[in-house]
Structures are given as C-alpha cells and as structure tokens.
There are 2 protein chains.
Amino acid sequence: MDNDGSKLTKLSELGEFGLIDHLTKDLKLKNKSTVKGVGDDAAVIEPDPGKQMLVTKDLLVEGVHFDITYMPLKHLGYKAAVVNFSDIAAMNGTPKQMVAGIAVSSKYSVEALDEIYSGMKKACDLYGVDFVGGDTTSSVVGLFISITVIGEVEKEKITYRNGASPNDLICVSGDLGAAYIGLLILEREKKAFRANPDMQPELSGTDYLLERQLKPEPRFDIVRALDEKKIVPTSMIDISDGLASELMHLCKSSDTGCRVDEDKIPIDQAAFDKAKEFGIVPSVTALNGGEDYELLFTIRQADFEKVREIEDISIIGYMTEPNEGMNLVTHDNQMIKLEAQGWDALKKRNIDRELSNDK
Amino acid sequence: MDNDGSKLTKLSELGEFGLIDHLTKDLKLKNKSTVKGVGDDAAVIEPDPGKQMLVTKDLLVEGVHFDITYMPLKHLGYKAAVVNFSDIAAMNGTPKQMVAGIAVSSKYSVEALDEIYSGMKKACDLYGVDFVGGDTTSSVVGLFISITVIGEVEKEKITYRNGASPNDLICVSGDLGAAYIGLLILEREKKAFRANPDMQPELSGTDYLLERQLKPEPRFDIVRALDEKKIVPTSMIDISDGLASELMHLCKSSDTGCRVDEDKIPIDQAAFDKAKEFGIVPSVTALNGGEDYELLFTIRQADFEKVREIEDISIIGYMTEPNEGMNLVTHDNQMIKLEAQGWDALKKRNIDRELSNDK
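What you see is a predicted model, and the numbers here were worked out from it, not measured in a lab.

Now for the packing of helix α4 (residues 178-195) of chain B against helix α5 (residues 207-214) of chain B. Residues and elements named next belong to chain B. Between α4 and α5, the least distance of the axes is 7 Å, while the angle of their chain directions is 100 degrees. In terms of orientation, α4 and α5 fall into the roughly perpendicular class. Facing α4, whose interface residues are Ala 178, Ala 179, Ile 181, Gly 182, Leu 183, Ile 185 and Leu 186, α5 presents Tyr 208, Leu 209, Leu 210, Arg 212, Gln 213 and Leu 214. Residue classes in the contact of α4 with α5 are distributed as 10 nonpolar, 2 polar and 1 charged.

We now examine α4 of chain B. Residue and element names in this part refer to chain B. With 18 residues, α4 ought to run about 26 Å at 1.5 Å a step, and its terminal C-alpha atoms sit 26 Å apart, in line with that. All buried positions along α4 are accounted for by Ala 178, Ala 179, Tyr 180, Ile 181, Gly 182, Leu 183, Leu 184, Ile 185 and Leu 186. Looking at the buried residues of α4, the elements they touch are α5, α8 (269-277) and α9 (282-288).

As a further point, take the relation of the copies chain A and chain B. Mapping chain A onto chain B leaves a residual RMSD of 0.0 Å; the transformation is a rotation of 180 degrees accompanied by 0.0 Å of translation along its axis. Accordingly, the operation relating the two chain copies is best matched by a two-fold axis. Interface overlap between copies is the fraction of interface residues in one copy that are interface residues in the other; for chain A against chain B it reaches 100%, indicating a shared surface.

We now examine unusual backbone geometry. Residues other than glycine predominantly adopt negative phi, and peptide bonds predominantly adopt the trans conformation. For Asn 92 of chain A, which is not glycine, the phi torsion reads 70 degrees and is therefore positive. If you trace the backbone, Asn 92 of chain A turns up in the loop between α2 (73-89) and β4 (94-104). For Asn 92 of chain A, a count of 25 C-beta atoms within 10 Å corresponds to the buried category. Unlike most non-glycine residues, Asn 167 of chain B shows phi in positive territory, near 80 degrees. With respect to the helices and strands, Asn 167 of chain B occurs in the loop between β6 (144-154) and β7 (169-173).

To continue, consider the sheet that holds strand β4 (residues 94-104) of chain B. Two pairing modes exist for strands in a sheet, parallel and antiparallel, and in both the strands are linked by backbone hydrogen bonds. Here 6 strands make up an open sheet; going across it, the order is β1(A)-β2(A)-β3(B)-β6(B)-β4(B)-β5(B) and the pairing mixed. Each edge of the open sheet is held by one strand with a lone partner, namely β1 (34-36) of chain A together with β5 (130-138) of chain B. The sheet shows a mean angle of 20 degrees between the axes of neighbouring strands, taken without regard to direction. Both β1 of chain A and strand β2 (residues 43-45) of chain A contribute to a ladder of 2 bridges, which runs antiparallel. Considered in β2 of chain A, the bridge of Thr 34 of chain A is made with Ile 45 of chain A. Lying on the sheet, helix α2 (residues 73-89) of chain B is in contact with β3 (51-61), β4 and β6 of chain B; it crosses β6 of chain B at an angle near 30 degrees.

Our next topic: the sheet that holds strand β10 (residues 295-299) of chain B. Residues and elements named next belong to chain B. The sheet built from 7 strands is open, its strands ordered β8-β10-β7-β11-β9-β12-β13 with mixed pairing. Only two strands of the sheet have a single partner each, and these edge strands are β8 (235-238) and β13 (335-337). The average angle at which neighbouring strand axes cross in this sheet is 25 degrees, direction not considered. Pairing analysis gives 4 bridges linking strand β9 (residues 257-261) to strand β12 (residues 326-329), with the strands arranged parallel. Following the sheet pairing, Arg 259 is matched in β12 by Asn 327.

Residues and elements named next belong to chain A. The share of residues in chain A with pLDDT of 70 or more is 93%, and the mean pLDDT across the chain is 89. In this model, residues 342-359 is a region of pLDDT below 50 whose contacts with residues beyond four sequence positions or in other chains number 38 contacts. With pTM at 0.90, the complex prediction returns an ipTM value of 0.88.

As a further point, take the packing of α2 of chain B against helix α3 (residues 110-126) of chain B. Residues and elements named next belong to chain B. Between α2 and α3, the least distance of the axes is 7 Å, while the angle of their chain directions is 40 degrees. The orientation of α2 with respect to α3, classified from their angle, is oblique. Two packed elements cross with a definite hand, and for α2 against α3 that hand is right-handed. Note on element contacts: α3 touches α2 through Ala 112, Glu 115, Ile 116, Tyr 117, Ser 118, Gly 119, Met 120, Lys 122, Ala 123 and Cys 124, opposite Leu 73, Lys 74, His 75, Leu 76, Gly 77, Tyr 78, Ala 80, Ala 81 and Val 82. Of the residues that constitute the contact of α2 with α3, the class distribution is 12 nonpolar, 4 polar and 3 charged.

Criteria and thresholds
Throughout this description, residue numbers start from 1 for each chain and increase along the sequence as written. Throughout, the order in which chains and ligands are written sets their labels, letters from A for the former and numbers from 1 for the latter. Local features in this predicted model are restricted to residues of pLDDT 70 or higher, and side-chain atom pairs are both shown and tallied only at a pLDDT of 80 or more, whereas totals for entire chains, interfaces and linings draw on every residue. Structural elements are reduced to axes, namely lines fitted to C-alpha atoms, with helices fitted over the stretch in contact, and the angle between N-to-C directions of any two is expressed from 0 to 180 degrees. The way it works is that DSSP assigns letters per residue, a run of H or I at least four long becomes a helix, a run of E at least two long becomes a strand, and they are numbered from the N terminus. Every angle not falling under 35 degrees, over 145, or within 65 to 115 is termed oblique; those three ranges are roughly parallel, roughly antiparallel and roughly perpendicular. In this description, any two residues whose backbone-derived C-beta atoms lie within 7 Å of each other are considered to be in contact. In this classification, Asp, Glu, Lys and Arg are treated as charged, Ala, Val, Leu, Ile, Met, Phe, Trp, Tyr, Cys and Pro as nonpolar, and every other residue, Gly included, as polar. The span one expects for a helix is its residue count, reduced by one, times 1.5 Å. Residues are called buried when their C-beta atom has 20 or more other C-beta atoms within 10 Å, exposed when it has 12 or fewer, and partly exposed otherwise; all C-beta atoms are positioned from the backbone. Copies are brought into register by a least-squares superposition over C-alpha atoms of residues with pLDDT of at least 70 in both. Strands pair, by our definition, only if DSSP identifies at least two bridges between them. Confidence per residue, as judged by the predictor, is encoded in pLDDT with a range of 0 to 100. By definition, any crossing whose near helix is turned counterclockwise from its far helix by less than a right angle is left-handed, and any crossing with a clockwise turn is right-handed.

Now the structure itself:
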C-alpha cells in the first residue's frame, strides 16, 4: 500500500505548505460553476442560474467510523468522498465541488496521505466533482477526515425528506445489509489474524460483501433514471444508518407512518447466506446495519408503472397515516413496530450484540 | 463553565439523533440565500444573481490548535467559526452559511457541547451567518472541530492573492503579534498553575492580549470601509500564520517581491512591552506569531489618499519586482531577507524556541 519496502517520507520533511502543494498539484477543474479551486483563502463557485446549491458534511473518525487495520487508505479516501456525494444524490442533485480536511498523527507518512488523497481524487474524477480546497493538519492521535461537498439541483427537482404523504409507495434501490455483513467478515478476520497471524484470511466468495463495505457507490444512476422517467420522488434519503433509521427520518419529517414488508426488502443472496452463518436474521442487517448508501424514497401511486420500469428498484411498502406508526409485516405475517437504532456512534454500542438481541 | 456543581449529561443519554435535535433546535435562518438549513441530507442555498460563492474550511484539533485547559469551550466554538469568516473577509466577501462537524470523546458532556455550540451560534449571530448543518460524532481521544463557511461576493469585487503588482502599497489592519503574546501568557500561567495550583494567575493588564488569542474578530469593518471608499484591493489574505508567511503567499501568488519597514508594522503597546518581558523582539511576534486574523492587502498607489482616510489601516511597505525577493528594512536600517515560517502544525515545532532563535 505504501511504496512497499521503500523509504517513507515524514510529513515534517515537506512542512505544511509543501505538503499542500504536493497533495493538490494535479487537481484539474471540471465544472463550469467552479471559478477557483485550491490555492486561495476560499474556493469560488458560481452556480448556473435557476440552480440551487446543496451543502453536506461528514466527519469520519479513526476507531469510530473506520479501522485502518483492514480499511486500505485509498478506499478510505474514496469512501469518505462518496458518502458525501450520496447525501447530494439523496436531495436529487449532482455533486460539483468538494473540500476536505484531514488531521493525521505523526505515525502517518506522506505516502499514506497520498493514498487517502488518491482515493478522494478517484471518487471526484468518477463522479465529476472538483476538489477545490482542503486543510491538512496534525492530530495528537488518530486520523480524522472531514469532507464538505457542494452540489447543484434544479429548483423544481429538489427532494427533501418531508414531502411524503400517506399511500405514497416506499422504494429502495439496490440491496441492503451487505455492507454490514462485509464489516462483520472484516472484524472476524481481524480477530482471527490477531489470534494467529499466520492464518490465511477466509474471504473466498465474499468479494461483493467486502466491496459493499469498503467501496460503496452513490446511486446517481437511480437519480438519472428517475429524471428520465420524469419522476420526482416525494421524499428521499440515503441509507447510511440502516433502513429502519432512515424510514424514521422520512416518517418524522413528512408526518406519516409506514408499513414495510419484510419479504420485499432486497437482500443479496451472499449477504443472506452469510447473515445466517453469523446467526443474524438477514432482514435485521438491512434494517439496522447501515452503510449501504442506497436511496430510500417515496413516490406517488401514479408513478408506480413508471418506477417499475427502472431496474434495481424495489417497492417495499407504503406510507400510512402518522397515528399508525412505523410497522413491519414479517415473513410470517406478524405486524411488529419498527424501531430505528441507526449507527449511533455516540452510544459506542456493540452493534453485533445489539443486532443479536433484536432477533 | 459547565453548570457548576449540577449534574452533567452524558452524550449517550441523548444519543446521536437526540443530540443533534438538542444542539440545533434554536437555529434561525437570517439570509435570503439560505433556502433550507439543518434537518435534511444537505443544506440548500440559492445565491443572489451576479454573486459568486466562496467556500472555506478549517479543521481545529485539540492539542494542536487549542488547549482546553485554558481555552473556554464557548470561546473555542466562537473562534472556530470566526477564523473561517476571516477567510471569507480575505476574499472581500461576506459569510452567509456555516456547517460544522464536531468529534468528541466520551469525556465530554452534553453541556460541554452546548458551550461549543453556543460560541458558534454567537459568532453566527454577530456576523449574520446561517448555521445550516452539522455532523456530531464521537472520537476515541480528543476534540476535533471542522467548519466550512460559504460566503458571497460581487463578481467584480472578489480579491484573490494573485493580483498584486510591483509598487502596490502593502497595508495591514489593526495590530499584529498580540494574539501570540496572549498565547505565551496562557502557556506561562498553565505551567505556573501546574507547579503550584494555589497560585493566582498573573493576568492583570493583559486583557487585550488574552482577548486577541481567545476571541479574535474578523475585519469585516475593513471590508466595508474599503467598499465605501470604492477601493478593491489588488490582493488580500488574512493573517492566520504570521505576517511573514502571509506576505510570502501574496508574493508567490502575485509573482512579486516585497519590501516592508519593521518600524511601520503595527504592534500594540501592551504586546510590545510583554514581548520584551518574554525576551522576544516585538516585530518577530508580528512576523511569525500568527492568529491575529487581521487583513493584509495591497492597493494601487492611486488609492493611497483614500486608504489613509480609513482608520486602523497601516501602510507597511510596497511590492517589488520578484527578483528582489522578500525584504525587511529593520529599525536600524539594515535590509534582511524575510523568511516565512508560519504556524506549521505539521512540524510540531516549539514556537517559543524558534522565535527566540530568530532574534
């Protein structure tokens, strides 16, 4: 990962200004709304007339949001960027500019920062985003990545969380739960490696699950497909904390209840099988696992036929009157109350244990 | 500071969603360009036509940029916000929106976060900025604050670092070096307190110096005064790293050299006296101390009379041809090369020692 075997460069060898030059020297601007990128007190942006701008921010903390023992730094940089792009997708917009702040302890080398930056740049290139500024500094302990992304959306297409009405259909893109299963596999292999460093990791057949955890992709293909079908969702959010938590946000903001069919929640076969192996009910990984970065949205019933023509969208239920609350119709036709747990970093809970308790 | 004597609330008692609601419940929007603030996947902004937007970001790290043993948390929140506003001032703009990310370890209480937020809110209220989003999460160790500020500026008034020409006059607002002297006083009292906790701090007559360190103010009064006189600076930057470092940025970006008179560098009398007491050449605190958040800018010679009418601006020298380099004409009429050191957090240098070595 870090120039195997060759000498690594200490951050102090470049100094702050030298490091910023080094990290940002090859950034090229792609969007006409970006007037000035890196290199002044602020980046300068001039959005197209008729467009509104979206601003989102996420902070990723070592030991809380990621574990660098199994998260390659390039993937980390990539993921840090795309989870913010995903927030822009969730507003039905397109990401345009990004600023990043990184704090690293002295144990990190220039080459390690290069890896993080190369992941961020790759994400920006792939999604057409201009990397317009940053702040690189030291930390006493640990790695912190703070990213702010600015996006654009046509005024009439902006999709908030609060526009859903009772009877709107609840849709979700892709499949859910695999990112969490990927995390469980990585955690398991980490423990096994610590117990016996000579052991080979048991990762066969888990490519998709690991990729979902290590390299999530925001669903701009869905944003575009909806636009092509002239569907503006009534509400939308991306799934970072788990389906239950995101449903709660939509219901709370829109003042609705919801009814979701457990059987209709899309779960990848490999994730389903692995969940069973871990002794977890598969739908629980979708409801409470998080980090899928799929889009959860609601549409008017009138858009039902049009949405069915779009690949990779599942209709999992519908919105109800608020007094009905949030309900899950289980596999065996029981109706149970949905509780949003979310990925609650502040509670430092053992997500393993809690998921097991949920069964 | 934290509800003296009464019970403090653990972060885990509120949980992530509860904490965000608690911290953001009283945010009111002030700017017409702010369409939607906290509460969705992204904030929504619609700038006025003809305006360009400015985006700046700073990351503040406990133990690197601040020491909570003497930095009250409310001041910390305030300072974290205004240092970003200052970057917008340095582009000749006005700050409009702010997003903040905070990572705290479990040793912090809800009341501690309230203090940080109250400082950020106070800064936003005072400078007319909408607090439109945030991300609050946990850290394993330490407090991290990441702030992004969005501002606006009329297209023809935007001031970059790169517009200065030889013979342009170099101007600076306010006085320099006091913030660094304030830091030295706080560091000294911290050491004295550690050696003898019963000792009373020796802070008499240092109010101004401490305030410069703990509660800097961005110079929008200067931005407005320049606008009233119809002066658009040819280049501008704010002084966060020290005069020498900022001069280097302007000269490098504008492809000029500079000549600055040591005697014309504005230094407050209390800072001057205290510098002598610490055994530091006063002008060195201005050149290499940093954190003054004054504006350093250049104007055409034709604007000389107009700028002289503005209070609190000093003309300290002029730009030269690039091959002349950066020069300081000292008190005793020697010409010495200026070296930019800056507040180089990555080098973790002992600024005390280095400043002393500079004499």
